[in-house]
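Tertiary structure, described
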Amino acid sequence: MTDSPRPRDPRTALVDRWRDTLLAARSGAPGPDPLPYAENLLARWDEPQRRYHTTAHLTAVLDRIDTLAPYAADVHAVRLAAWFHDAVYRPDRTENEERSAALAERALPEAGVGEAVTAEVARLVRLTVTHDPAEGDGNGEVLCDADLAVLAGSPQEYAAYAAQVREEYGFVPDEAFRAGRAAVLRQLLALPRLFRTPHGAEEWEARARHNLATELELLGSSSGPQ
């Protein structure tokens, strides 16, 4: 009888995923050791102000990109965009996506990634401001669907996600948070489609809308008399 193999440490698994993606994105071009770039990015994802936008979120997005990979024109660029899309995150700032895209534009050429792929990664990161890719933008559809798939979790998973978001905005008073969060939920529910890939539309759309509507109702009921 042999011992079962030990599961890999989640951080080691992420480093391995980064290395594989970076080497693939280089398309055989030379470049520096991928490890310091992985360590820098993971340190950013581990910052103490984060509760939802953590390495667990990064891992979940990468897992969903694996599921949606057939819809992407350049899945390596999409995976790199996932690594960078919340690399700069301060809940009290509004320019996180732009600063994250600028980080990608600085780091990727240094890491050996070509100009075209770097530009695509930065474009995809900026797209997460709106999560509204153009028709036929396969890379954008995959990244946005992977990022929004958290909305389609089980009731328990969605409740945990909503609680983590509230923790990240712990500096905002309750009434102001409820108003701001409700506006975000209404904006999402007003979209004709939350998910653009066939898989996302079939597997996630209905459940996500139910979760969003439920949270919006709970926010209204917790606000007390108007």
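What comes next concerns the included structure. (Residues numbered from 1 in each chain as written. Predicted model: local features only at pLDDT ≥ 70, side-chain atom pairs only at ≥ 80, totals over all residues. Heavy atoms only, no water.)

Attention shifts here to the environment of Ala183. You can see Ala183 is positioned in helix α9 (residues 174-190). You can call Ala183 partly exposed: its relative accessible area is 41%. As a C-alpha pair, Ala183 and Val172 span eleven residues in sequence and 15 Å in three-dimensional space. (Helix = DSSP H or I, 4+ residues; strand = E, 2+ residues; numbered from the N terminus. Buried < 20%, exposed > 50% of the residue type's maximum accessible area, 1.4 Å probe, protein only.)

Moving on: the packing of aromatic side chains. For the structure shown, the criterion picks out seven aromatic pairs. An angle of 65° between the planes, with centres 5.3 Å apart, marks the rings of Tyr158 and Tyr161 as edge-to-face. Note that Tyr158 and Tyr161 are positioned in helix α8 (residues 155-168) at a spacing of three residues, about one turn of the helix. The pair formed by Tyr158 and Tyr161 is uniform in burial state, with each residue classed as buried. Chaining the aromatic ring pairs together yields one cluster made of Trp18, Trp83 and Phe84. Over the face of the ring belonging to Trp45 we find Arg50, whose NZ or CZ atom lies 5.3 Å from the ring centre. Over the ring of Phe177 we find Arg166, and its NZ or CZ is 4.3 Å from the ring centre. (Phe/Tyr/Trp six-rings, centres within 6.5 Å; stacked < 30°, edge-to-face > 60°. Lys NZ or Arg CZ within 6 Å of the ring centre and 35° of its normal.)

Here we take up helix α1 (residues 10-26). For an α-helix, the turn length of 3.6 residues means that residues three or four places apart are oriented alike. With 17 residues, α1 extends 24 Å between its outermost C-alpha atoms, agreeing within 8% with the 24 Å of an ideal straight helix rising 1.5 Å per residue. All of the buried residues in α1 are Ala13, Leu14, Val15, Asp16, Trp18, Thr21, Leu22, Ala25 and Arg26. Residues of α1 that are buried in the fold lie against α2 (35-45), α3 (55-68), α4 (75-84), α5 (96-110) and α6 (115-127). The backbone nitrogen of Arg11 has a side-chain oxygen 3.0 Å away, supplied by the residue at the start of α1, namely Asp9. (Expected span 1.5 Å × (residues − 1). Contact = heavy atoms within 4.5 Å. Polar contact = N/O pair within 3.5 Å; in protein donor to acceptor, adjacent residues only side chain to side chain.)

How two helices sit against one another is set out by the angle between their axes and by the gap between those axes. Where α1 contacts α2, the two axes come as close as 9 Å, and the packing angle between them is 125°. Judged by the angle between their axes, α1 and α2 are oblique. Every pair of crossing elements has a handedness; the one defined by α1 and α2 is right-handed. Contact with α1, carried on its side by Arg11, Leu14, Val15 and Trp18, involves Leu35, Tyr37, Ala38, Leu41, Leu42 and Ala43 of α2 and no other residues of that element. (Axes fitted to C-alpha atoms, helices over the stretch in contact; angles between N-to-C directions. Parallel < 35°, antiparallel > 145°, perpendicular 65-115°, else oblique. Left-handed = near helix turned anticlockwise from the far one by under 90°.)

One can find Arg11 in helix α1. Between the C-alpha atom of Arg11 and that of Ala176, which follows or precedes it by 165 residues, the distance is 36 Å. Once you skip the residues sitting within four places of it in the chain, Arg11 turns out to touch Leu42, Ala43 and Asp46.

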